[in-house]
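Single-letter residue listing:
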Amino acid sequence: PRPPGCGRGLLPGPCDLVEVFVRRSLQLSLFAVVLIGLVGGSLAFFLAQKSVTLTVDGQVREVGTYAATVGEVLDEEGLETASHDVVLPDAGQPLGDGDAVVVNRARPLELTIDGVSRQVYVTALSVDEALAQLGMRAEGLVLSASRSERLPLKGMELTITTPKDIVLISDGQE
């Protein structure tokens, strides 16, 4: 028979210091495992966060993220990209701590050059940058907007008239 207050023992025989030690060791071991799990999980969660430099149309900001790819961080930031936008690195690329992501959103430009119209997309922020992207650096262009005018995200119409050489002939003489 077991002494009163011993209950059902872990070891055969009467209640003794070994049984108390084993019970206490199991409790402490369980507590230690739970504590290590909590601390380890918290540490892993903290270490998984990345600091990323996000540049959108020239505007730079630092963001903290748990995203694994460039596309995921863009989604977290609410940035939807279109087919003509430039995203560097590519949206499917893995993302690491300290990485930089650049997004240059395309703007539609209804371009009319000497009466011929076409729609083009540029990632430029101003009319001057758009002309440079289109390879139109010639001086003397007559523009319907100032070179310093900012291009809105929804786009704009731009009319360009190029200079022309004219030869006047009067009575057969130039």
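Structure's up top.
Residues numbered from 1 in each chain as written. Predicted model: local features only at pLDDT ≥ 70, side-chain atom pairs only at ≥ 80, totals over all residues. Heavy atoms only, no water.

Draft legend 1. Geometry of the pattern of salt bridges. Overall, the coordinates contain five salt bridges when judged by the stated rule. Note that E77 and R61 form a salt bridge whose closest N and O atoms lie 3.5 Å from each other. Of this pair, E77 sits in the loop between α2 (70-76) and β3 (86-88) while R61 sits in strand β2 (residues 59-65), and the two are 16 residues apart along the sequence. Accessibility expressed as a relative area gives 37% for R61, which makes it partly exposed. Put simply, D128 and R147 hold a salt bridge, and the shortest N to O gap is 3.2 Å. Here D128, found in helix α3 (residues 127-133), pairs with R147, found in the loop between β7 (142-143) and β8 (156-161); they are 19 residues apart in sequence, far enough to count as distant. Using a relative accessible area of 25% as the deciding quantity, one classes D128 as partly exposed. Judged by relative accessible area, R147 falls into the partly exposed class, the value being 25%. Each of D57, R105 and R107 takes part in salt bridges that share partners, so that together they form one network. (Salt bridge = Lys/Arg side-chain N within 4 Å of Asp/Glu carboxyl O. Helix = DSSP H or I, 4+ residues; strand = E, 2+ residues; numbered from the N terminus. Buried < 20%, exposed > 50% of the residue type's maximum accessible area, 1.4 Å probe, protein only.)

Draft legend 2. Spotlight on a negative patch on the surface. Together, E72, D75, E76 and E80 give the surface a local cluster of negative charge. Relative to the assigned elements, E80 resides in the loop between α2 and β3. Residue E80 is classed as exposed on the basis of its relative accessible area of 74%. (Patch = residues over 30% accessible without salt bridge, like charges linked within 9 Å, V, L, I, M, F, W, Y side chains within 5 Å. Areas by Shrake-Rupley, 256 points an atom, 1.4 Å probe, with all protein chains shown as cover. Lys, Arg positive; Asp, Glu negative; His and termini not counted. Charge placed at Lys NZ, Arg CZ, Asp CG, Glu CD.)

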